[in-house]
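# Commentary on secondary and tertiary structure
Spelled out from the first residue to the last, the chains are:
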Amino acid sequence: MNTTTKDSPTVESSPLRERRGGRWIELATRQETLLILVFAIMVTVFSILNPRYFSTASFGNIMQDFAPVMLMAIAQTFVIITGGIDLSVGAVLGLSGVSAALTIRATTANGVDPGLSIAAGIGTALLVGVLVGVINGLLVTRVNLAPFIATLATMGACMGTTLVVTGGVQIAGAPAEVVHIGNTRYLDIFTAPLFVALVILVVAAIVLSKTRFGRHTYAIGSNVFAARVAGINVKRHLMKVYVLGGVLASIAGLFVYFRLGSGSPASGRGGELQAIAAAVIGGVSLMGGLGRVTGAALGALITASVLSGLILIGVEPNAQQIVVGALIAVAVAVQGIGRSNAGS
């Protein structure tokens, strides 16, 4: 006998509606969604305080600042997810930019074609990133230094090297092609370095979320002992992660050099703080094993936008670092509250 009633479709569709409602709630509460909301509120506030903030020129400047910060944040994300930290990214940015500037100036002075000179400068900068990444990896995996201490040491070494090779002055004399690459805007906002940074973001997101390399990164940060038992070569993987961080920081240094048209020994100073802030704001846990590249990218966008807004409303540079530090403290506090609620 058929016992189906007219009310049956309503009963059957109720769980479906609940699932749909749950998906909307999940989407609304995701870290990335909340960050976009925070960004929109922040843009509104700064635009009210200074109408020049809400302009194409202002957004173009923010995007130029955003690209190197995002690359350092991506580098920091991979390292932090493994349970470490990299304090050298800002110093690597500065040393890489200066190295590229010195190489390009020397080669152009000897009559080398500008295109080849720029290629040589890029190669030198990347070599610096690889070298520092290898040193960081060896200090962490072979000397068994804590990542904080190991990268603090390389940060000091890179900053000192930058000051020695530059004598504390800017390395000028970049070819016009360098400035053209770094400052030509498309649609008044986008530059070639920004396009490269966005491609790197997409690749990094795929690597971290869809590949074995990404799974091993999460596994090491979640439980390094279990990762070893599972057959992961932890030391070799950590070496790769720190080298990746060095390379990304060196690319960020190239972006800054292309924008300025000179290698500045002050470039990258405080960059490690901005990178950590972007990663933590983006939901990357300092405890390791948790985080996404997309969140770190949005955190970098918020960090760059905040600093740009502070400049427009007349906040002095030293006070800006206080704001960045406060952002880190708030983000870590929010993560702590979230973990407490999850555990209760």
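Residues numbered from 1 in each chain as written. Predicted model: local features only at pLDDT ≥ 70, side-chain atom pairs only at ≥ 80, totals over all residues. Heavy atoms only, no water.

### Considerations on the overall build of the protein
- Counting its regular elements, the protein contains 14 helices and two strands.
- Residues classed as buried in the protein amount to 46% of the 344 residues present.
- Once local pairs closer than 6 in sequence are excluded, the contacts in the protein between residues at least 24 apart make up 78%.
- Summing over all exposed atoms, the protein offers an accessible surface of approximately 16800 Å²; the carbon and sulfur share of this is 68%. (Helix = DSSP H or I, 4+ residues; strand = E, 2+ residues; numbered from the N terminus. Buried < 20%, exposed > 50% of the residue type's maximum accessible area, 1.4 Å probe, protein only. Contact = heavy atoms within 4.5 Å. Areas by Shrake-Rupley, 256 points an atom, 1.4 Å probe, with all protein chains shown as cover.)

### Quick look at the confidence of the model for the protein
- Averaged over every residue, the pLDDT of the protein is 86; residues scoring 70 or more account for 87%.
- Predicted confidence is poor over residues 1-12, with pLDDT under 50, and the contacts of this stretch with residues over four places away or in other chains come to zero contacts. (pLDDT = per-residue confidence, 0-100.)

### Digging into the pattern of salt bridges
- Taken as a whole, this structure holds one salt bridge when the rule is applied.
- Measuring nitrogen to oxygen at the nearest pair gives 2.3 Å for the salt bridge that ties Asp65 to Arg259. Highlighted residues: Asp65 in helix α3 (residues 56-81) and Arg259 in helix α11 (residues 234-260), separated in sequence by 194 residues.
- Judged by relative accessible area, which is 31%, Asp65 ranks as partly exposed.
- Judged by its relative accessible area of 24%, Arg259 falls in the partly exposed class. (Salt bridge = Lys/Arg side-chain N within 4 Å of Asp/Glu carboxyl O.)

### Quick notes on a nonpolar patch on the surface
- A cluster of nonpolar side chains, namely Leu37, Ile41, Val45, Leu49 and Ile313, defines an oily patch on the protein surface of about 450 Å² accessible area.
- With respect to the secondary-structure elements, Leu37 resides in helix α2 (residues 31-49). (Patch = residues over 30% accessible without salt bridge, like charges linked within 9 Å, V, L, I, M, F, W, Y side chains within 5 Å.)

### Quick look at a positive patch on the surface
- A contiguous patch of positive charge, built from Arg212, Arg215, Arg236 and Lys240, is present on the exposed surface.
- Among the elements of the structure, α9 (212-222) and α11 are those that each provide at least two residues to the positive patch.
- Counting through the fold element by element, Lys240 comes out in helix α11. (Lys, Arg positive; Asp, Glu negative; His and termini not counted. Charge placed at Lys NZ, Arg CZ, Asp CG, Glu CD.)

### Re the nonpolar core
- By size, the foremost hydrophobic cluster in this structure holds 68 residues, and its most contacted members are Phe66, Met70, Leu71, Ile74, Phe78, Val293 and Ala300.
- By residue number, the principal contributor to this core is α3, which donates 15 residues.
- Discounting chain neighbours no more than four positions away, the residues touching Phe66 are Leu194, Ala297, Ala300, Leu301 and Ala304. (Core = buried A, V, L, I, M, F, W, Y, C linked by side-chain atoms within 4.5 Å.)

### Focus on the packing of helix α8 (residues 192-210) against α11
- Direction vectors running N to C along α8 and α11 enclose 165°, while the axes themselves pass 10 Å from each other. Between α8 and α11, the angle falls in the class roughly antiparallel. Crossing geometry of α8 relative to α11 is assigned as left-handed. Touching Pro193, Val196, Ala197 and Ile200 of α8 are Leu248, Ile251 and Phe255, all from α11.
- Taken together, the residues of the contact of α8 with α11 break down into seven nonpolar, no polar and no charged. (Axes fitted to C-alpha atoms, helices over the stretch in contact; angles between N-to-C directions. Parallel < 35°, antiparallel > 145°, perpendicular 65-115°, else oblique. Left-handed = near helix turned anticlockwise from the far one by under 90°. Nonpolar A, V, L, I, M, F, W, Y, C, P; charged D, E, K, R; others polar.)

### Quick word on the environment of Ala146
- Relative to the elements of secondary structure, Ala146 occurs in the loop between α5 (114-141) and α6 (147-166).
- Residue classification places Ala146 among the partly exposed residues on the basis of a relative accessible area of 43%.
- Once the C-alpha coordinates of Ala146 and Gly84 are considered, the two residues, 62 residues apart in sequence, prove to be 8.0 Å apart.

### Points about the packing of aromatic side chains
- This structure, assessed with the given rule, holds seven aromatic pairs.
- Ring plane angle 75° and centroid distance 6.4 Å describe the contact between Tyr53 and Phe59, whose orientation is recorded as edge-to-face.
- Judged by relative accessible area, which is 1%, Tyr53 ranks as buried.
- Ring centres of Phe78 and Phe213 lie 6.2 Å apart, and the angle between their planes is 50°; this geometry places the pair in the tilted category. You can see Phe78 sitting in helix α3 and its partner Phe213 sitting in helix α9, a full 135 residues away along the chain.
- The exposure class assigned to Phe78 is buried, which follows from its relative accessible area of 2%.
- Residue Phe213 is classed as partly exposed on the basis of its relative accessible area, which comes to 22%. (Phe/Tyr/Trp six-rings, centres within 6.5 Å; stacked < 30°, edge-to-face > 60°.)

### Focus: empty space enclosed by the protein
- Inspection of every chain in the model, using the stated rule, returns one cavity of 30 Å³ or more.
- Empty space within the largest cavity amounts to approximately 50 Å³.
- Lining the largest cavity are Leu93, Gly94, Gly97, Val98, Gly253, Val256, Tyr257, Ser262, Gly263, Ser264 and Ser267.
- Looking at which element gives the most residues to the lining of the largest cavity, the answer is helix α4 (residues 89-109), with four residues.
- Here the residues of the lining of the largest cavity are counted per class, giving four nonpolar, seven polar and no charged. (1 Å grid on protein atoms, 1.4 Å probe; cavity = no way out; pocket = protein on both sides within 12 Å on 5 of 7 lines; lining within 4 Å. Points joined across faces, edges and corners; volume = space filled by probe spheres on them.)

### Comments concerning the environment of Met63
- Inspection of the secondary structure assignment puts Met63 in helix α3.
- The buried category is assigned to Met63, whose relative accessible area is 18%.
- For the pair formed by Met63 and Leu301, sequence separation is 238 residues and the distance between their alpha carbons is 8.0 Å.
- Apart from residues no more than four positions distant in its own chain, Met63 is found in contact with Ile189, Leu194 and Leu301.

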